[in-house]
Amino acid sequence: MPRHFIGSVVLTLLLGPAVLRAQQQQTKTIPAQPAVEKFKFRPADPLNAQAFEHFYNMEYERSIQEFTLISERHPDDPDAINHLLNAILFHELYRIGALNAGEYANDSFLNSSHHPADPHTREQIKALVQKATAIEEKRLEADPKNVSATYARGVTRAQFATYTALIEHAWFSALRNAVGARHDHEKVLELDPRNLDAKLIVGAHNYVVGSLPWGVKAASSMVGLGGSKEKGLEYLQETAAGNSETSIDAKIVLVVFLRRERRYDEALQILRSLEPQYPHNILFAMEDGNLLRVKSQYGQAEAVYRRVWLDGRNGKYAGLPYEVSAVALADLLRGQKNYTAAAAAYEQINEIPKPDPEAAQKAALGAGEMYDLLHKRDLALKKYQAAIALDSNSHLADLARKWVKEPYSGT
């Protein structure tokens, strides 16, 4: 129980640009978001709007450069440090493969295997956490009711919880920081009830704890962690409808939570308000197709995956592995038992000179399995050997070796 409880709480803090049970209550319609330039940022630096736009467009390196410059202009501002910390953290989470929204639609993120984090980046993240915390604690020692310092400390704790959970897999440390983040932002709301930014973490925690089984929920209440799904969603909707720097994050969290609730139409409505704003964000584009797929709207999902592939080929997602759309398309066709078309979709990855290694291995293995089902054993064997050659130590390579010995039969 502890790890799944911790994971559920930490889940609320994992949902940057990324990533995503039936309930009949309808959510409020969220109005169209104003342009990013109209958001209110902390600190009031003119470069913030551009940095956030690059961040949500998954242009992480550019956003890191800009947030670095902002933090140099405001060296004693914990908000500036937190923004830089957030950009570095999510860049690394994306690099190691930890921003797959599908993993957070259930609890599979608890056991998912990701690439190892870069040691230098790990130290950089911890150094920024320490720097921001030192400033926040000093200000709170001077004034325990300092709203901005309390809010900033909650953000730092939330980001460190994400780091310790997904990179270090230190679940109890992650829980401690996640709970600290919630308590900080609950205090902010006590001091300033109209603070929309603080409702992001408090709302997300309320939703998650409110979604836990009764026995676990009772145990959580004993340590001061009550929760209500309805209150959580209400807080998130209020934040999403605002014009603060957390409104986009609230929308993303809502997409993930509504997907968990199987309220797919509402999730799609929110997602499609984000896609035109951040057209370079391939995760938003792919999640559109994924939501259509879980809705069993297979034709529309197929059209989305094909569009992402073509847009990627035309340069829209420069620097991002748009080849994941070919794998998603192939998986969709495979589920419909259209093995010939699925094999062709997996083979599309070969059109890319240097595809993402993990996507390439999935495609090679998938193509081999399709050829086995089509009774084209020679082609299947070539694909299995290619999958093994890409990474002989992965679980995909283990499957490929298995199918080399005995043809894949679909079971």
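How each quantity is defined
- Residues numbered from 1 in each chain as written.
- Predicted model: local features only at pLDDT ≥ 70, side-chain atom pairs only at ≥ 80, totals over all residues.
- Heavy atoms only, no water.
- Helix = DSSP H or I, 4+ residues; strand = E, 2+ residues; numbered from the N terminus.
- Buried < 20%, exposed > 50% of the residue type's maximum accessible area, 1.4 Å probe, protein only.
- Areas by Shrake-Rupley, 256 points an atom, 1.4 Å probe, with all protein chains shown as cover.
- Expected span 1.5 Å × (residues − 1).
- Salt bridge = Lys/Arg side-chain N within 4 Å of Asp/Glu carboxyl O.
- Axes fitted to C-alpha atoms, helices over the stretch in contact; angles between N-to-C directions.
- Parallel < 35°, antiparallel > 145°, perpendicular 65-115°, else oblique.
- Left-handed = near helix turned anticlockwise from the far one by under 90°.
- Contact = heavy atoms within 4.5 Å.
- Phe/Tyr/Trp six-rings, centres within 6.5 Å; stacked < 30°, edge-to-face > 60°.
- Lys NZ or Arg CZ within 6 Å of the ring centre and 35° of its normal.
- Core = buried A, V, L, I, M, F, W, Y, C linked by side-chain atoms within 4.5 Å.

Another point: the overall build of the protein chain. When helices and strands are counted, the protein chain shows 19 helices and 0 strands. For the protein chain, with 411 residues in total, the buried portion stands at 56%. Per element, the accessible surface of the protein chain, about 18000 Å² overall, is 52% carbon and sulfur.

Along an α-helix, a turn takes 3.6 residues, which lines up residues three or four apart on a common side. Between its first and last C-alpha atoms helix H17 (residues 357-373) spans 24 Å; for 17 residues at 1.5 Å apiece the expected length is 24 Å, and the two agree. The first or second residue beyond H17 is His375, which carries a positive phi of 60°.

What the rule picks out here adds up to 27 salt bridges. Residues Arg42 and Asp197 are paired through a salt bridge, measuring 2.6 Å at the closest nitrogen-oxygen approach. Separated by 155 residues along the polypeptide, Arg42 in the loop between helix H1 (2-11) and helix H2 (48-56) and Asp197 in the loop between helix H7 (171-191) and helix H8 (198-211) bring together distant segments of the chain. Relative accessible area serves as the criterion here: at 23%, Arg42 is assigned to the partly exposed category. With a closest N to O distance of 3.0 Å, Glu302 and Arg306 form a salt bridge. Highlighted residues: Glu302 and Arg306, both in helix H14 (residues 298-313), separated by 4 residues, approximately one helical turn. Judged by its relative accessible area of 37%, Arg306 is partly exposed. Three or more residues joined by partner-sharing salt bridges are found here, namely Arg42, Asp79, Asp197 and Glu245.

Below, the discussion takes up the packing of H17 against helix H19 (residues 395-405). Remark: H17 packs on H19, axes separated minimally by 10 Å, with the N-to-C direction vectors making an angle of 25°. As the angle between them shows, H17 and H19 are arranged roughly parallel. For the element pair H17 and H19, the recorded crossing hand is left-handed. On the side of H17, the interface is formed by Gln361, Lys362, Leu365, Glu369 and Asp372, while H19 contributes Leu396, Ala397, Leu399, Ala400 and Trp403.

Once that is clear, we can look at the environment of Ala134. Secondary-structure assignment places Ala134 in helix H5 (residues 119-142). Considered as a pair, Ala134 and Pro78 are 56 residues apart in the sequence and their alpha carbons are 9.1 Å apart.

The next thing to look at is the packing of aromatic side chains. Enumeration over the complete set of coordinates arrives at 12 aromatic pairs. Above the ring of Tyr235, the side-chain terminus of Lys199 is found at 4.8 Å from the ring centroid.

Quick look at the nonpolar core now. One finds Phe67, Leu93, Tyr94, Ile125, Ile167, Phe257 and Ile282 to be the most contacted residues of the largest nonpolar core, which totals 102 residues. The dominant element in this core, judged by the number of residues it contributes, is helix H4 (residues 78-95), at 10 residues. Once residues lying within four places of it in the same chain are set aside, the contact partners of Tyr94 are Met58, Tyr60, Leu99, Ile282, Leu283, Leu320 and Pro321. If you look at the next biggest cluster of nonpolar residues, it comprises 7 residues, including Val155, Val188, Val202 and Tyr235.

On to unusual backbone geometry, then. Cis rather than trans, the peptide bond between Arg42 and Pro43 has omega equal to -10°. One non-glycine residue, Lys337, lies in the positive phi region at around 65°. Tracing the backbone through its elements, the reader meets Lys337 in the loop between helix H15 (324-335) and helix H16 (339-347). Its identity is not glycine, yet His375 carries a phi of approximately 60°, on the positive side. Mapped onto the secondary structure, His375 falls in the loop between H17 and helix H18 (377-390).

Attention now goes to the packing of H2 against helix H3 (residues 60-73). A pair of packed helices is characterised by two quantities: the angle between their axes and the separation of those axes. Between H2 and H3, the shortest axis-to-axis distance is 8 Å and the interhelical angle comes to 155°. In terms of their interaxial angle, H2 and H3 are classed as roughly antiparallel. The two elements H2 and H3 cross, and the hand of that crossing is left-handed. In this structure, H2 contributes Asn48, Gln50, Ala51, Phe52, His54 and Phe55 to the contact, and H3 contributes Tyr60, Arg62, Ser63, Glu66, Phe67 and Ile70.

Further remarks concern the environment of Ala345. Along the chain, Ala345 falls in helix H16. Looking at Ala345, the relative accessible area reads 4%, which means it is buried. In this structure, the C-alpha to C-alpha distance between Ala345 and Ala326, residues 19 residues apart in sequence, is 5.6 Å. Contact partners of Ala345, with chain neighbours within four places excluded, come to Ala326, Leu329, Ala330 and Leu333.

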